[in-house]
Amino acid sequence: QVQLVESGGGLVQAGGSLTVSCLASGRTFSSYAMGWFRQAPGKEREFVSAITWSGGSTVDADSVKGRFTISRDNAKNTVYLQMNSLKPEDTAVYYCAAYPLWYTGNYYDRNDVDAWGRGTLVIVSS
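Below you will find a few notes about this structure. (Residues numbered from 1 in each chain as written. Predicted model: local features only at pLDDT ≥ 70, side-chain atom pairs only at ≥ 80, totals over all residues. Heavy atoms only, no water.)

Remarks on the packing of aromatic side chains
(1) Moving on: With the rule as written, the count across this model stands at seven aromatic pairs.
(2) Moving on: Ring geometry for Y99 and Y107: centres 5.2 Å apart, planes at 90°, overall edge-to-face. Y107 carries the same exposure label as Y99, and that label is buried.
(3) Moving on: Feature note: the residues F37, F47, Y95 and W116 constitute an aromatic cluster, connected by ring pairs.
(4) Moving on: The ring of Y95 has R45 lying over it, and the distance from NZ or CZ to the ring centre is 3.6 Å.
(5) Moving on: In this structure, R45 is placed above the aromatic ring of W116, and the distance from its NZ or CZ to the ring centre is 4.6 Å. (Phe/Tyr/Trp six-rings, centres within 6.5 Å; stacked < 30°, edge-to-face > 60°. Buried < 20%, exposed > 50% of the residue type's maximum accessible area, 1.4 Å probe, protein only. Lys NZ or Arg CZ within 6 Å of the ring centre and 35° of its normal.)

Take a look at the structure:
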């Protein structure tokens, strides 16, 4: 099972940008579809963005479409989430996720996730 560690969270003003990253262990990173979820206080963990194991396709939640960009660098065993035009409602703990090997589902269901990171906090001030 892959091990995931997020980094890059912090405090940013509304309208600003921030990039969070996720470092994965293991020799099979390139075989996992990867994603990002987030959880705000008092709310359920929700899907943000995902990228296929090949990196050829991505999917975004409507709330972040056009503002966030997911990418991966398999040589570095790392997935990134570039967040632009941040809003206060983006404030949450952001979790890296690895889907099952060769996953071809629709990515939105957190119960499909095979492994989670511990999260990194992003706070967007107004």
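That was the structure; now back to the text.
Let's talk about the sheet that holds strand β3 (residues 18-24)
(1) Moving on: Read from one edge to the other, the open sheet built from four strands follows the order β1-β3-β8-β7, with strand pairing classed as antiparallel. Each having just a single partner strand, β1 (4-7) and β7 (68-73) make up the two edges of the open sheet. Between one strand axis and the next, the sheet turns by 15° as a mean value, whatever way the strands run.
(2) Moving on: Across six bridges, β7 lies against strand β8 (residues 78-83) in antiparallel orientation. When the sheet's bridge partners are listed, S71 is paired in β8 with Y80. (Pairing = 2+ DSSP bridges. Helix = DSSP H or I, 4+ residues; strand = E, 2+ residues; numbered from the N terminus. Axes fitted to C-alpha atoms, helices over the stretch in contact; angles between N-to-C directions.)

Structural notes on the nonpolar core
(1) Moving on: L4, M34, W36, L81, M83, Y94 and Y99 are the most contacted members of the largest nonpolar core, which has 37 residues in total.
(2) Moving on: Every element with two or more residues in this core is listed here: β3, β4 (32-39), β5 (46-51), β7, β8, β9 (92-101) and β11 (120-125).
(3) Moving on: Per element, the largest residue contribution to this core is six residues, and it comes from β9.
(4) Moving on: With near-sequence residues (within four places) excluded, L4 lies in contact with C22, L23, A24, M34, C96, A97, A98, A115, W116, G117 and R118. (Core = buried A, V, L, I, M, F, W, Y, C linked by side-chain atoms within 4.5 Å. Contact = heavy atoms within 4.5 Å.)

Regarding the pairing of β8
(1) Moving on: Here β3 pairs with β8 via six bridges, running antiparallel. Pairing of L23 across the sheet is with T78, part of β8.

Focus: the pattern of salt bridges
(1) Moving on: One pass over the full model with this rule turns up five salt bridges.
(2) Moving on: For R38, the salt bridge is made with E46, and the minimal N-O distance between the two is 2.8 Å.
(3) Moving on: Judged by relative accessible area, which is 5%, R38 ranks as buried.
(4) Moving on: Notably, a salt bridge pairs R110 with E44, separated by 3.2 Å at the nearest N-O pair. Here the residue R110 occupies a position in the loop between β9 and β10 (115-116), and E44 occupies one in the loop between β4 and β5, the gap between them amounting to 66 residues.
(5) Moving on: Using a relative accessible area of 34% as the deciding quantity, one classes R110 as partly exposed.
(6) Moving on: Classification of E44 as exposed rests on a relative accessible area of 56%.
(7) Moving on: A single salt-bridge network, built from bridges that share partners, covers R38, E46, R67 and D90. (Salt bridge = Lys/Arg side-chain N within 4 Å of Asp/Glu carboxyl O.)

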